[in-house]
Amino acid sequence: MIAFVLSGGGSRGALEVGALLALFEKGISPQILVGSSAGAMNAAFIATDPTLEGAQSLATLWRSVKQEDIFPGNSLSLSLTAAWRFIGGYDGLFPSDRLRRMVERYLPEGVRHFSDITKVKLYLTAADLNWGILYLWGEKPEGDIVDAVMASAAHPAYFPPLLLAGHQLVDGAVVANVPISIAAAKGATEVYAINVGYAGQEMPHSRGVFNIVNRAISTMMYQQLLDDLMECAGKVILHHVVFEAFAGLPVWDLSKSGEMIEEGRRVMGEYLEKPVWERVTAPILPGREGAPEPPPGAVVWRWTRM
């Protein structure tokens, strides 16, 4: 049973769409879709039509969406809104009402609950901000897809948490950015993990409080990825494909979606051309070649370069 696992990544979710195109063009289709954050949106949309035609429609959607469809208009409005909401103590730099309207608009008519998804199994993640719990949508047919997507896409700082039945829910990527183990637990025997988030690449020094906080969150999510990889070792055939292009692109910058779709298609296409013994990932921590020396008084506990 094949699963596609789609990571978080903000505007870089367009890379996932290109990867999906390449997979469907090769005749590879999923029986399970698992998504976090931007990956939750992509997974929900492609689950309604898990075919090459569905991926092409998703690509058209990404190419047509503009910054003002999700965020406040131009760059000045964006900056002023973020500054005003920060000073005013709001729960997010940007309101999420435009994002909700977009999700509601682009889901096909008649598709609002998980029971309406009939061609694949769809699972979306979110985190409880007050209890540190990972929640999973998709088990209960009455679950609301829009609420699940909005919870999973509520990136801390950028968007306010989703308040739902007394719960304060945030981005599923906070606890499971590349939820490979969920796919394995749901019966997948082969997993294509499309990772457009941070995956251990060497990064330059961060500057500024906001950038440092973002990098810290990425580091935390990376450690969770390592746990998932080790947990699934030997349990599934794993294709962990990392997409490094457009790193550092702001979450609100949707101007390069077309380029990212083509890049995602290229990277996944090249991966699929490799012999099978080169493609299948053995999630074993490699050696330390190229790693910096630890700081004085410390030793390396876990280090890898995926």
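For the structure, see preceding data.
Below is a summary of the structure that appears in this document. Everything quoted here is computed from the prediction, not taken from an experiment.

Comments concerning unusual backbone geometry
- In this structure, Ser37 takes a positive phi of about 60 degrees despite not being glycine.
- Along the chain, Ser37 falls in the loop between β2 (32–35) and α2 (38–47).
- Take Ser37: its relative accessible area is 7%, and that puts it in the buried class.
- Notably, Ala157 is not glycine yet its phi reads approximately 85 degrees, a positive angle.
- Summarising the element assignment, Ala157 is placed in the loop between α7 (145–152) and β5 (162–164).

Quick word on α7
- For α7, the tally of buried residues reaches 8 of 8 residues, placing the bulk of the element in the interior.
- Listing the buried residues of α7 in full gives Ile145, Val146, Asp147, Ala148, Val149, Met150, Ala151 and Ser152.
- Its side-chain oxygen 2.9 Å from the backbone nitrogen of Val146, Asp144 forms the N-cap of α7.

Focus: the packing of α2 against helix α3 (residues 52–64)
- Between α2 and α3, whose axes approach to 9 Å, the crossing angle comes to 135 degrees. In this view, α2 runs oblique relative to α3, as classed from their interaxial angle. Seen from above, α2 lies across α3 with right-handed handedness. Residues Asn42, Phe45 and Ile46 of α2 touch α3, and the partners they reach there are Gly54, Ala55, Leu58 and Trp62.
- Split by residue class, the contact of α2 with α3 holds 5 nonpolar, 2 polar and no charged.

Reading the values: rules and limits
- Residues numbered from 1 in each chain as written.
- Predicted model: local features only at pLDDT ≥ 70, side-chain atom pairs only at ≥ 80, totals over all residues.
- Heavy atoms only, no water.
- Helix = DSSP H or I, 4+ residues; strand = E, 2+ residues; numbered from the N terminus.
- Buried < 20%, exposed > 50% of the residue type's maximum accessible area, 1.4 Å probe, protein only.
- Polar contact = N/O pair within 3.5 Å; in protein donor to acceptor, adjacent residues only side chain to side chain.
- Axes fitted to C-alpha atoms, helices over the stretch in contact; angles between N-to-C directions.
- Parallel < 35°, antiparallel > 145°, perpendicular 65-115°, else oblique.
- Left-handed = near helix turned anticlockwise from the far one by under 90°.
- Contact = heavy atoms within 4.5 Å.
- Nonpolar A, V, L, I, M, F, W, Y, C, P; charged D, E, K, R; others polar.

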